[in-house]
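Chain and residue survey
Single-letter residue listing:
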Amino acid sequence: MSSDVTNTDVETLDTVNTGEPTFSEKFWKVFRGHPGALAGLIGITIFVLLAIFAPLIAPQDPYDQAQLDILDGLLPPGSTLWDGTPSLLGTDALGRDILSAVLYGLRISLFVALVAVIVGSAIGVFMGLLAAMKGGWVETAIMRAVDLKMSFPGILLALMVLAVFGSGIDKVIIALIIGAWASEARLVRAVALSELKKEYIDAARLAGLSDWRIMGRFLFPNSISPVLVVLPMSISGAIGAEATLSFLGVGVPITEPSLGLLIANGNDYILSGKWWISLFPGLVLVAMVLCINMVADRLRDHANPYLRGKD
């Protein structure tokens, strides 16, 4: 039977009249009626913008030794530096403006956490899909490596890596990547094993598709959702881990302090009344982690089929 509707027309109609909600509608559905999660999302946006535009906002470049004056050291909040620059949050022992140091430290903490989690998650997703797809000795080897990693506390493993390779931003990222991939690999493998039992995988194999094509075209998009749900929580954990390593003095270099190292720098001055050196970086760290956790909890609840109907 002939038809006046061409394939192009059908594709156009399918694209226009799918009835699927737009991205903004899906986004609003997730956070609608949840002011805590929405506040957390706004907070994350503010922290990211502050980190990106830190060089434009900060009154001082705390990494430029030529701008620092030892005579400006340990000034209380609301003081004025020797060059006339106001210091709203005070200075540390090296004369660094705390506000500027926090903004720049925020950049390092977010950069390290994001790179480590994204790369670690990518490795974990690939290893989980490979284990599920190949099975046999490949799956056994990957899962034993996962078990070996999971047997060590993450912070202890990171300390071991940094003890071998030394400190530095790149070393911290490598240490966090080593600690981040295993949980994602186990999660993706479990989801992928469930997907492999479905009929569309059998149809793909009967159509002659290779394992690599099935992994990339079917398993990956259908197994990635749980990883995206736990991704904010992973970022929160990476920020905390980086802060812990820097606080212990084995993380980022002292010339480019992150929030954790800024807190450690003021630890020796708390009893002498110089509370602002550690307080303000600590408050920013706690607020940022809290915002990320609130968003992560909302995403986890939304992904739970037993709780989704209550939205």
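This structure is a prediction, so every number in the text was calculated from the model and none was measured.

Focus: the overall build of the protein
- Scanning the protein for helices and strands turns up 14 helices and two strands.
- The long-range share in the protein, meaning contacts at least 24 apart out of those at least 6 apart in sequence, stands at 68%.
- Counting only carbon and sulfur atoms, one obtains 66% of the accessible surface of the protein, whose full area is about 16800 Å².

Describing the pattern of salt bridges
- The full count for this structure, using the stated rule, is eight salt bridges.
- Among the salt bridges present, the one from Asp-147 reaches Arg-186, with a minimum N-O distance of 2.6 Å. One end of the pair, Asp-147, is in helix α6 (residues 136-150); the other, Arg-186, is in helix α8 (residues 169-196), with 39 residues separating them in the sequence.
- Between Asp-297 and Arg-300 there is a salt bridge, with the nearest N and O atoms lying 3.5 Å from each other. Here Asp-297 pairs with Arg-300, and both are found in helix α13 (residues 276-303), just three residues apart, close to one helical turn.
- In this structure Asp-297 comes out as partly exposed when scored by relative accessible area, which is 29%.
- Three or more residues joined by partner-sharing salt bridges are found here, namely Arg-144, Asp-147 and Arg-186.

A word on helix α7 (residues 154-165)
- For α7, which comprises 12 residues, the first-to-last C-alpha distance of 17 Å matches the rise-based estimate of 16 Å (1.5 Å per residue) to within 8%.
- Every buried residue of α7 is accounted for by Leu-157, Ala-158, Val-161 and Leu-162. Angularly, the buried residues of α7 cover 135° about the axis, an arc narrow enough to put them on a single face. Turned more than 90 degrees from where α7 packs its buried face, Ala-163 and Val-164 sit exposed.
- On its buried face, α7 is in contact with α6, α8 and α11 (225-247).
- Looking one or two residues beyond α7, the residue adopting positive phi is Gly-166, at roughly 90°.

Structural notes on the nonpolar core
- Grouped together as the largest cluster of nonpolar side chains are 42 residues, with contacts concentrated most on Leu-106, Ile-239, Leu-259, Leu-285 and Met-288.
- Of all the elements in the fold, those that place two or more residues in this core are α3 (35-52), α5 (98-134), α7, α8, α11, α12 (259-265) and α13.
- For this core, the element with the highest residue contribution is α5, accounting for 10 residues.
- Residues in contact with Leu-106, not counting those within four places in the same chain, are Phe-47, Leu-50, Ala-51, Leu-259, Val-284 and Met-288.

Points about unusual backbone geometry
- Its identity is not glycine, yet Leu-74 carries a phi of approximately 60°, on the positive side.
- For Leu-74, the position within the fold is in the loop between α4 (54-57) and β1 (79-80).
- Given the relative accessible area of 26%, Leu-74 is considered partly exposed.

Thoughts on the environment of Val-125
- Within the element layout of this structure, Val-125 appears in helix α5.
- Once the C-alpha coordinates of Val-125 and Leu-187 are considered, the two residues, 62 residues apart in sequence, prove to be 8.4 Å apart.

A look at a nonpolar patch on the surface
- On the surface, a cluster of nonpolar side chains totalling about 560 Å² of accessible area is made up of Val-48, Leu-49, Ile-52, Phe-53, Leu-56 and Ile-57.
- Elements with a minimum of two residues in the nonpolar patch: α3 and α4.
- For the nonpolar patch, the element with the most residues is α3, which contributes three residues.
- Relative to the assigned elements, Leu-49 resides in helix α3.

Examining the packing of α3 against α13
- Contact pair α3 / α13: the axes reach a minimum separation of 8 Å and the direction vectors enclose 130°. Classified by the angle their axes make, α3 and α13 are oblique. The crossing of α3 and α13 is left-handed. Residues Gly-36, Ala-37, Gly-40, Leu-41, Gly-43, Ile-44 and Phe-47 of α3 form the contact with α13, whose own contacting residues are Val-284, Ala-287, Met-288, Cys-291, Ile-292, Met-294, Val-295 and Arg-298.
- Here the contact of α3 with α13 is built from residues that sort into 11 nonpolar, three polar and one charged.

Concerning the environment of Ala-132
- Here Ala-132 lies in helix α5.
- When residues no more than four places from it in sequence are discounted, the contact partners of Ala-132 are Arg-189, Ala-192, Leu-193 and Leu-196.

A closer look at the packing of aromatic side chains
- For the coordinates displayed, the defined rule picks out five aromatic pairs.
- Ring centres of Tyr-63 and Tyr-104 lie 5.2 Å apart, and the angle between their planes is 75°; on these two criteria the pair is classed as edge-to-face. Residue Tyr-63 is found in the loop between α4 and β1, and its partner Tyr-104 is found in helix α5; the two are separated by 41 residues along the sequence.
- Judged by its relative accessible area of 10%, Tyr-104 is buried.
- The interplanar angle of 55° and the centroid separation of 5.8 Å between the aromatic rings of Tyr-200 and Phe-218 together place this pair among those described as tilted. Of this pair, Tyr-200 sits in helix α9 (residues 199-206) while Phe-218 sits in helix α10 (residues 211-223), placing them 18 residues apart in sequence.

About the thresholds
- Every chain's residues receive numbers from 1 upward, in the order its sequence appears when written.
- Where local features are concerned, this predicted model is filtered to residues with pLDDT of at least 70; where side-chain atom pairs are given and counted, the filter is 80 or more; whole-chain, interface and lining totals use all residues.
- Values reported for side chains reflect all heavy atoms of the structure, with hydrogen atoms and water molecules removed beforehand.
- We count a stretch as a helix when DSSP gives it H or I for four or more residues in a row; a strand needs E for two or more, and each element gets its number in order from the N terminus.
- A contact between two residues is defined here by any heavy atoms of the two lying within 4.5 Å.
- Surface accessibility in these figures is a Shrake-Rupley result with a 1.4 Å probe; residues are shielded only by whichever protein chains are displayed.
- Salt bridge, as used here, is a side-chain nitrogen of Lys or Arg placed within 4 Å of a carboxyl oxygen of Asp or Glu.
- Whether a residue is buried, partly exposed or exposed follows from its accessible area with a 1.4 Å probe, protein chains only, as a fraction of its type maximum: under 20%, in between, or over 50%, in that order.
- How far a helix is expected to stretch is found by multiplying one less than its residue total by 1.5 Å.
- The arc in question is the one traced by the directions running from the helix axis out to the C-beta atoms.
- Here, the term nonpolar core denotes a set of buried Ala, Val, Leu, Ile, Met, Phe, Trp, Tyr and Cys residues that are joined through side-chain atoms within 4.5 Å.
- Residues enter a patch when their relative accessible area is above 30% and they make no salt bridge; the linking distance is 9 Å between like charges and 5 Å between nonpolar side chains (Val, Leu, Ile, Met, Phe, Trp, Tyr).
- The convention used is that axes are lines fitted to C-alpha atoms, helices contributing only their stretch in contact, and that angles between N-to-C directions extend from 0 to 180 degrees.
- Just so you know how the angles are binned, under 35 degrees is roughly parallel, over 145 roughly antiparallel, 65 to 115 roughly perpendicular, and the rest oblique.
- Less than a right angle of anticlockwise turn of the near helix away from the far helix marks a crossing as left-handed, whereas a clockwise turn marks it as right-handed.
- Under this grouping Gly is polar, as are all residues other than the nonpolar Ala, Val, Leu, Ile, Met, Phe, Trp, Tyr, Cys and Pro and the charged Asp, Glu, Lys and Arg.
- Note on ring pairs: Phe, Tyr and Trp rings are taken, using the six-membered ring of Trp, and paired if centres are within 6.5 Å. Classes follow the plane angle, with under 30 degrees stacked, over 60 edge-to-face and the rest tilted.

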